[in-house]
Amino acid sequence: VFAGVHAQQAYEDEQHIIATGKSMIGVEEREVWPDGRITWCSTSKVPMRDDSGSIVGIFGISRDITARKETYLRAQRYAEEVAAIKEELEEDARMAGKLQRSFFLSAYPAFPEGAAPEDSCIEFLHHFNKSTLVSGDYCSIQRVGDHKVGILLCDVLGAGARAALGAALVRGIMQEIEVLADDPSASLGRLTQQLYPLL
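Basis of the calculations
Residues numbered from 1 in each chain as written. Predicted model: local features only at pLDDT ≥ 70, side-chain atom pairs only at ≥ 80, totals over all residues. Heavy atoms only, no water. Helix = DSSP H or I, 4+ residues; strand = E, 2+ residues; numbered from the N terminus. Rg over C-alpha atoms; globule rule 2.2 N^0.38 Å. Expected span 1.5 Å × (residues − 1). Buried < 20%, exposed > 50% of the residue type's maximum accessible area, 1.4 Å probe, protein only. Arc of directions from axis to C-beta. Contact = heavy atoms within 4.5 Å. Salt bridge = Lys/Arg side-chain N within 4 Å of Asp/Glu carboxyl O.

(A) Structural view of the overall build of the protein. Counting its regular elements, the protein contains 4 helices and 5 strands. When the helices and strands of the protein are read in sequence order from the N terminus, they spell out α-β-β-β-α-β-β-α-α. In terms of C-alpha radius of gyration, the protein reaches 35 Å, well past the compact-globule figure of 16 Å for 199 residues. The C-alpha extent of the protein, read off along each of the three principal axes, is 105 × 40 × 25 Å.

(B) Layout of helix H4 (residues 184-198). Between its terminal C-alpha atoms H4 stretches 21 Å, which fits the 21 Å expected from 15 residues at 1.5 Å a residue. Every buried residue belonging to H4 is among Ser187, Leu191 and Leu195, and all of these are buried. All buried residues of H4 lie within an arc of 50° about the axis, which places them on one face of the element. With respect to the buried face of H4, the exposed residues turned more than 90 degrees away are Ser185, Thr192, Gln193, Tyr196 and Pro197. Contacts made by the buried residues of H4 are with helix H3 (161-176).

(C) The pattern of salt bridges, seen in detail. With the rule as written, the count across this model stands at 5 salt bridges. Among the ionic pairs, glutamate 28 bridges to arginine 68, the shortest N-O distance being 3.6 Å. Here glutamate 28, found in strand E1 (residues 24-32), pairs with arginine 68, found in helix H2 (residues 66-101); they are 40 residues apart in sequence, far enough to count as distant. With a shortest N-O distance of 2.6 Å, glutamate 90 and lysine 86 are connected by a salt bridge. Linking glutamate 90 with lysine 86, this pair stays in helix H2, spanning 4 residues, or about one helical turn. Among the residues examined, lysine 86 registers a relative accessible area of 48% and is labelled partly exposed.

Below is the structure:
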């Protein structure tokens, strides 16, 4: 004896078959048993006719598809969880991309110091075409003197969050050691000393 909800639906389905003569093929039905157990079946029902073709009843068969249905439901839940994680990661990547854009130059220094940009004796131009939301690229331009500039172009191997994190480390260290900008050898030596234990 099925629970009321299931029994009512089955009754309505069967009345519809008798009234219309239309079969019901492969309909998935959820069954709740008295002990609370839930099973699934695939049910097909067709009209039963007498010799004159009049519908006198129905007959059908139900197959237990519980294992298949539970596998499908688990896969569906997993897909929903993966989609939620993916959306969260993409949002993190978008935020990291916005943060990383703040690393890049918005204006070049003028030389000598205090000169108007159009009067600078050193001119700069750059173009950055990133292939992913975040990457391992970083550019630093530091004034070394009135007519000298120090430029560091950094490209951390790979792409994505790990490369971006490496570039962020380089940027942080470069800010700490900018006093060494006029000595490339010392700058790179100190940069390597500080990066090595971190990486």
